[in-house]
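Architecture and fold: a report
Residues per chain, in single letters:
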Amino acid sequence: MASGARAPVPEDSVRTASPGRRGGKGVSAPPGDSVAVGTLKSAASPARAVAASPRPAKGKAGREAARRRLQLQPASQAEGRGEGAQEDEDEEPLLSVPEEVEEEAQPLPPVCVCPMRGMWRDEKVALYCDEVLRGCKAEDADEAMSNYLSEKLKLKDKWLGVWRTNPELFFVKYEEASIPFVGVLVEVTCKPHQSLSSCFKVTVSVAEPFSSNIANIPRNLVNEILEELEHSVPLLEVYPVEGQDSDIHDIALALEVVRFFYDFLWRDWDDEESCENYTALIEERINLWCDIQDGTIPGPIAQRFKKTLEKYKNKRVELIEYQSNIKEDPSAAEAVECWKKYYEIVMLCGLLKMWEDLRLRVHGPFFPRILRRRKGKRDFGKTITHIVAKVMTTDMVKDLSSDTLLQQHDDLDLALDSCYSGDTVVIFPGEYQAVNLALLTDDIIIKGIGKREEIMITSEPSHDSFVVSKADNVKLMHLSLIQQGTVDGIVVVESGHMTLENCILKCEGTGVCVLTGAALTITDSEITGAQGAGVELYPGSIAILERNEIHHCNNLRTSDNSKSTLGGVNMKVLPAPKLKMTNNHIYNNNGYGVSILQPTEQYFIVAEEALNKGAASGDKKDDSMLSRVMQNLNLEMNNNKIEANLKGDIRIVTS
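Overview of the structure. (Residues numbered from 1 in each chain as written. Predicted model: local features only at pLDDT ≥ 70, side-chain atom pairs only at ≥ 80, totals over all residues. Heavy atoms only, no water.)

1. Description of the overall build of the protein
Counting its regular elements, the protein contains 13 helices and 31 strands. The 655 residues of the protein split such that 50% are buried. Here the analysis covers contacts within the protein between residues at least 6 apart in sequence; of these, 68% occur between residues at least 24 apart. Total accessible area on the protein stands at roughly 30500 Å², and carbon and sulfur atoms take up 50% of it. (Helix = DSSP H or I, 4+ residues; strand = E, 2+ residues; numbered from the N terminus. Buried < 20%, exposed > 50% of the residue type's maximum accessible area, 1.4 Å probe, protein only. Contact = heavy atoms within 4.5 Å. Areas by Shrake-Rupley, 256 points an atom, 1.4 Å probe, with all protein chains shown as cover.)

Here it is as structure tokens:
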């Protein structure tokens with residue numbers, strides 16, 4: 001590494017001053033932070049901060065003097081101290097110590113570059129869910145991380161690393177933007193840990209050559225700070241440096257795995273609440289992080305989530321600090337203030353949980369409800385057929401009546417934007433995108449001409465919605481809808497009625513969602529790949545499903561013991577939705593074929609025979625209960641083939 005240059009700092013590994021998790025685990029700054037020293041750069045070392053006048057520090061008085069000399073002034077204040085500038089009379093003068101020449105700290109060597117940020121989504125899920133956590137509960141996550149890390153540390157008992165710590169250890173006053181951490185090259189000695197917390201502490205000593213990102217930091221000060229800490233520092237604050245053997249790269253990766261877990265995947269409330277499947281929750285958070293990183297979640301929404309998470313962390317720290325400053329029994333005012341801070345944390349916690357759940361994320365704070373007004377019919381009362389194709393030919397319109405008003409577009413978005421109620425959009429084979437599909441307010445028909453597999457409409461990954469409707473009656477026919485990264489359901493019916501006829505729906509996020517008061521009819525269509533139920537009916541909705549295939553839904557990774565119940569069709573009952581299912585094939589879903597959440601105290605699983613009019617013989621009790629439930633729910637199911645679903649065919653459970 002060239003003299004005077006500082007080692008690169010991983011974007012998501014810069015440590016902050018926030019209190020860490022128990023056992024010395026710190027909290028990292030959000031991705032994107034970088035070391036910027038601004039006016040503190042020196043001519044000799046352009047990328048390294050230089051404090052004012054390095055001098056030796058010996059003993060307690062010397063250490064305090066060194067700390068004062070490391071106190072940095074804002075650039076404007078420093079520049080303002082001209083020849084005639086007056087010192088503040090109340091300002092404490094710097095201690096006077098004889099000038100001595102002290103060796104300047106060398107630049108820090110480069111740290112190991114870990115492959116964590118380059119891992120694919122599935123690789124991260126497999127690493128955390130299968131290798132590290134291995135199906136453990138939230139309260140056992142600390143122990144799982146400790147065991148994973150301790151095994152890796154056995155590879156090498158001594159190695160070199162950069163200790164990145166809180167500048168407050170060394171500076172009385174500093175600009176956080178200029179110096180987010182103080183880095184020192186140290187020799188690390190790993191000892192067998194005796195407890196959970198000790199695994200996250202490590203013994204260090206200053207290594208040769210003396211190196212730091214602060215060019216003139218006194219070496220004696222560093223040594224005495226380490227003595228105060230008994231040479232024991234949080235392991236996650238130490239970053240192995242390049243130039244050592246391959247075992248060190250394995251240790252560096254293990255450290256990054258644990259840092260990433262506590263910085264981005266762990267939540268303070270995890271071990272305080274019971275979770276049916278903790279690894280599935282971790283997978284959802286990995287997906288959320290990846291969606292933010294790759295732009296699947298739009299930038300402004302991602303920033304809103306990051307700010308909310310950061311606000312939650314800060315408010316939690318504020319509450320802890322406020323409580324620790326109450327020496328005796330709290331006064332009435334102090335008790336009220338504690339409750340105010342606590343309830344603010346609870347509200348932020350609930351908001352974050354909503355964002356972290358893929359299905360709730362859509363209909364919660366992320367989801368921009370349609371605000372576009374209905375256009376209604378044209379003033380002159382005529383309707384127009386919009387032809388969507390690069391070039392229009394006479395063959396395309398030969399089947400239309402002679403009095404049909406035509407308008408040709410080469411862009412589906414323009415066609416949708418030109419529609420009024422009663423219009424028809426005719427799409428010819430090709431691949432299209434249209435953000436206006438998320439703003440359907442007028443009663444129109446959108447239909448493909450030709451094979452449905454050849455009319456492909458893909459979602460825009462930078463948008464969170466694909467097809468959203470609140471029209472009284474909108475119809476999509478002979479199309480393939482291909483979801484690419486949007487967090488919303490592939491089709492969301494907010495209000496009114498939507499018909500899907502002879503369509504293919506290839507989901508990546510949630511499936512078809514019918515919100516309260518809305519209605520949906522799906523016929524001769526195929527739904528596959530949803531991360532959740534293929535069709536999700538909210539309370540008070542209406543759906544008719546006829547001759548459809550719903551398969552390979554609920555693709556979230558979960559353990560065998562507690563798979564999510566979602567699969568083909570999921571009904572939420574309060575108030576009851578209305579559902580009519582005839583001649584559907586629901587198969588190979590990772591949950592149940594049909595799951596019904598109802599406000600009763602019944603929980604059982606029955607086979608397909610019980611769904612039809614003739615229940616299995618010898619099962620009169622279940623037959624009677626199912627019949628009663630179906631009557632109460634306005635649930636009509638005839639001649640459906642429900643098979644090979646991982647958890648079973650139908651599940652009725654109290655919510």
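2. So, unusual backbone geometry
A cis amide bond links Glu 208 with the next residue in sequence, Pro 209, at an omega value of -10°. With respect to the helices and strands, Pro 209 occurs in the loop between strand E3 (201-206) and helix H5 (219-228). For Arg 547, which is not glycine, the phi dihedral falls at a positive 55°. Within the element layout of this structure, Arg 547 appears in the loop between strand E22 (542-546) and strand E23 (549-551). On the basis of relative accessibility, which here comes to 43%, the residue Arg 547 falls in the partly exposed class.

3. Examining the pattern of salt bridges
Taken as a whole, this structure holds 19 salt bridges when the rule is applied. With its nearest N and O atoms 2.9 Å apart, the salt bridge here joins Glu 256 to Arg 259. In this pair, Glu 256 and Arg 259 are both assigned in helix H6 (residues 246-265), three residues apart and thus about one turn of the helix distant. In terms of burial, Glu 256 and Arg 259 fall into one category: buried. Residue Glu 318 is joined to Lys 341 by a salt bridge in which the shortest nitrogen-to-oxygen separation is 3.7 Å. Here Lys 341 lies in helix H9 (residues 332-356) and Glu 318 lies in helix H8 (residues 299-324), a separation of 23 residues in the sequence. Its relative accessible area of 34% is what places Glu 318 among the partly exposed residues. Where salt bridges share partners, they join Lys 315, Glu 318, Glu 337, Lys 340, Lys 341 and Glu 344 into one cluster. (Salt bridge = Lys/Arg side-chain N within 4 Å of Asp/Glu carboxyl O.)

4. Some words on helix H3 (residues 121-132)
Helix length check: H3 (12 residues) gives 16 Å between terminal C-alpha atoms against 16 Å at 1.5 Å per residue, within 8%. Within H3 the residues assigned to the buried category are Lys 124, Val 125, Leu 127, Tyr 128, Cys 129 and Val 132. Seen from one end, H3 has its buried residues packed into an arc of 160°, which puts them on one side. Looking at the buried side of H3, the elements it contacts are helix H4 (141-153), H6 and helix H7 (278-293). Just beyond H3, the residue with positive phi is Arg 134, at close to 55°. (Expected span 1.5 Å × (residues − 1). Arc of directions from axis to C-beta.)

5. Some details on a nonpolar patch on the surface
Among the surface-exposed residues, Trp 339, Tyr 342, Tyr 343 and Val 346 lie close enough to one another that they form a single nonpolar patch of about 440 Å² accessible area. Here Trp 339 shows up in helix H9. (Patch = residues over 30% accessible without salt bridge, like charges linked within 9 Å, V, L, I, M, F, W, Y side chains within 5 Å.)

6. Some thoughts on the packing of aromatic side chains
Within this structure, the stated rule accounts for 13 aromatic pairs. With a centroid separation of 5.5 Å and 65° between ring planes, the pair formed by Tyr 342 and Tyr 343 is classed as edge-to-face. On the accessibility criterion, Tyr 342 (41% relative accessible area) is partly exposed. We classify Tyr 343 as partly exposed; its relative accessible area is 48%. Here a set of aromatic residues connected by ring pairs shows up, and it is made of Tyr 128, Phe 260, Phe 261, Tyr 262, Phe 264, Trp 266 and Trp 289. Just above the ring of Tyr 239 sits the side chain of Arg 259; from NZ or CZ to the centre is 3.7 Å. (Phe/Tyr/Trp six-rings, centres within 6.5 Å; stacked < 30°, edge-to-face > 60°. Lys NZ or Arg CZ within 6 Å of the ring centre and 35° of its normal.)

7. Quick word on the pairing of strand E13 (residues 473-477)
As defined by bridge partners, strand E10 (residues 445-448) adjoins E13 across three bridges and the pair is classed as parallel. The partner of Lys 447 across the bridge, within E13, is Met 477. Pairing between E13 and strand E16 (residues 497-501): five bridges, direction parallel. Opposite Met 477, over in E16, you have Glu 501 as the bridge partner. (Pairing = 2+ DSSP bridges.)

8. Some words on the nonpolar core
Core analysis: the biggest nonpolar cluster contains 63 residues, and Tyr 128, Leu 133, Met 145, Leu 149, Trp 159, Phe 170 and Phe 261 have the highest contact counts within it. Taken together, the elements giving at least two residues each to this core come down to H3, H4, strand E1 (158-165), strand E2 (182-189), E3, H5, H6 and H7. When residues in this core are grouped by element, the largest group, 12 residues, is from H6. Here Phe 261 is in contact with Tyr 128, Leu 133, Ala 141, Met 145, Trp 266, Tyr 278 and Ile 282, once residues within four sequence places are set aside. (Core = buried A, V, L, I, M, F, W, Y, C linked by side-chain atoms within 4.5 Å.)

9. A word on the sheet that holds strand E4 (residues 232-234)
Taken together, five strands build an open sheet; the order of strands is E4-E3-E2-E1-E5 and the sheet is antiparallel. With partners counted over all chains shown, the strands left at the sheet margins are E4 and strand E5 (238-240), one partner each. Strand-to-strand twist in this sheet, taken as the mean axis angle between neighbours without regard to direction, amounts to 50°. As paired elements, E1 and E2 share eight bridges and run antiparallel to each other. Counted as the bridge partner of Arg 164 is Gly 183 from E2. On top of the sheet, H5 reaches E1, E2, E3 and E4; it is set at about 155° to E3, its chief contact. Where H6 meets the sheet, it contacts E1 and E5, and its direction lies at approximately 145° from that of E5. (Axes fitted to C-alpha atoms, helices over the stretch in contact; angles between N-to-C directions.)

10. Side note on the sheet that holds strand E7 (residues 405-409)
Spatially, the 10 strands line up as an open sheet ordered E7-E6-E8-E10-E13-E16-E19-E22-E25-E29, and their pairing is parallel. The outermost strands of the open sheet, each flanked by one partner alone, are E7 and strand E29 (635-638). Sheet twist, expressed as the average angle between the axes of neighbouring strands with direction ignored, equals 10°. The sheet contact formed by strand E25 (residues 578-582) and E29 spans four bridges and is parallel. Across the sheet, the residue bridging to Leu 579 is Leu 635, located in E29.

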